[in-house]
Structures are given as structure tokens and as C-alpha cells.
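# Observations on the three-dimensional arrangement
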Amino acid sequence: MASKMTVGVCVAAFDPENRILLFRHTYHPGGMWTLPGGHLHIGESPEAGLIRELREESGAEVKLISLIDIEVSPHWPGHMTLYYLADLLHPPKYSSAEVEAWDLFSLNELPARILPEARRVIARAQEFINTHHDKKSNEAKV
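What follows is about the overall build of the protein chain. Secondary structure assignment for the protein chain yields 2 helices and 6 strands. Walking the protein chain from its N terminus toward its C terminus, one meets helices and strands in the order β-β-β-α-β-β-β-α. Here the C-alpha radius of gyration of the protein chain, 15 Å, is about what a compact globule of 142 residues would show, namely 14 Å. With respect to the principal axes defined by its C-alpha atoms, the protein chain has extents near 45 × 30 × 25 Å.

Counting residues in hydrophobic clusters, the biggest one holds 21 residues, and the most contacted among them are Phe14, Ile20, Leu22, Leu35, Ile68 and Leu85. Looking at this core, the elements that each hand over two or more residues are strand 1 (6-14), strand 2 (19-25), strand 5 (79-90), strand 6 (99-106) and helix 2 (116-133). Among the elements that make up this core, the one with the highest residue count is helix 2 (6 residues). Sequence-distant contacts of isoleucine 20, that is, excluding residues within four places in its chain, are made with Ala12, Ala13, Phe14, Leu35, Asp103, Leu104, Phe105, Leu107, Leu110 and Ile122. In terms of nonpolar packing, the next biggest core, distinct from the first, is built from 15 residues, Val11, Phe23, Ala60 and Leu104 among them.

A few words on the environment of proline 77. Looking at the element boundaries, proline 77 is found in the loop between strand 4 (61-72) and strand 5. In this structure the C-alpha to C-alpha distance between proline 77 and threonine 6, which are 71 residues apart in sequence, comes to 9.2 Å.

Take the pattern of salt bridges next. For the coordinates displayed, the defined rule picks out 10 salt bridges. Put simply, glutamate 56 and arginine 52 hold a salt bridge, and the shortest N to O gap is 3.2 Å. Separated by 4 residues within a single helix, glutamate 56 and arginine 52 lie in helix 1 (residues 46-58), roughly one turn from each other. Glutamate 56 sits in the partly exposed class, given a relative accessible area of 47%. Under the relative-accessibility criterion, arginine 52 is labelled buried at 14%. Here arginine 55 ties to glutamate 61 by a salt bridge, and the two come within 2.9 Å at their closest N and O atoms. A relative accessible area of 44% places arginine 55 in the partly exposed class. A relative accessible area of 22% means that glutamate 61 is categorised as partly exposed. Several salt bridges converge on common partners, so that one network encompasses Glu44, Arg52, Glu53 and Glu56.

Conventions we followed
- Residues numbered from 1 in each chain as written.
- Predicted model: local features only at pLDDT ≥ 70, side-chain atom pairs only at ≥ 80, totals over all residues.
- Heavy atoms only, no water.
- Helix = DSSP H or I, 4+ residues; strand = E, 2+ residues; numbered from the N terminus.
- Rg over C-alpha atoms; globule rule 2.2 N^0.38 Å.
- Core = buried A, V, L, I, M, F, W, Y, C linked by side-chain atoms within 4.5 Å.
- Buried < 20%, exposed > 50% of the residue type's maximum accessible area, 1.4 Å probe, protein only.
- Contact = heavy atoms within 4.5 Å.
- Salt bridge = Lys/Arg side-chain N within 4 Å of Asp/Glu carboxyl O.

Read these as spatial facts, not as claims about activity.
Below, the structure is given as C-alpha cells:
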């Protein structure tokens, strides 16, 4: 019998000034910053779930560019997270019950209290941008 997995989706979303959007979720201890995202509903595509989560939690709008990483959680058996790169079209308009704060950070001034997986994915996003994206088409402004 196959075991069930839960699937999360997160995004490294950059604004036109190359700042990354980070959230402080209410469920992460110690006020740690991380990438925006959430969990998929049954039957929902990862892309649709990510766009839904951003709208629900903050009102932010993104244009997804690419899947850049997948992580099977070493700490949460049966859970995987899909990480996307995106252009931030509209920044958040509000916080919510799950998002106590949001902000845009330049890559050379990331907050000290950031989750390690967020830092890893931000580095992966930079690597993706450098190798695939720019020399990059005009479609992305990251």
C-alpha cells in the first residue's frame, strides 16, 4: 500500500528592484523569516495552490517562472515541498492570521533570523537566474 504525502509549495519572488519577498508566519517559532507558501488542497496543481496561498495570506500576485527545487523533508516524514521562482507583480496588501509580517529584502541585506531552507532556496534561485534566465529573456525582470 502506498503511503500518502503532503505537498507544500513556496516561492522565491523578486520585485523589479531584485528584492525578495519574505514572510514571518505565525506558526514558525521565534519570528523567523521564510519564503511565502503553503500546502496544496487535494486535486490542486502546485502552481494554482501557490497562487491561491499568496492571495489568501497577503494579496500578493506573482508570475511563476520555473520550478527550481524539490525537498523531501528530513524532519517531517511524508512531506515534500516544491520551490518556485517568480516575478512579484504586486506586493502584499495585508497580513493575515498566518502571516504576521512581510517585507522585501535586497539579497545583500537578508534578515539574520531566516530559516535555513529559505536561505538555501534563495541561493538556488540566484544560481538558476545566473545560469538559465538572464542573459535572460525580457520576460523576466529578476
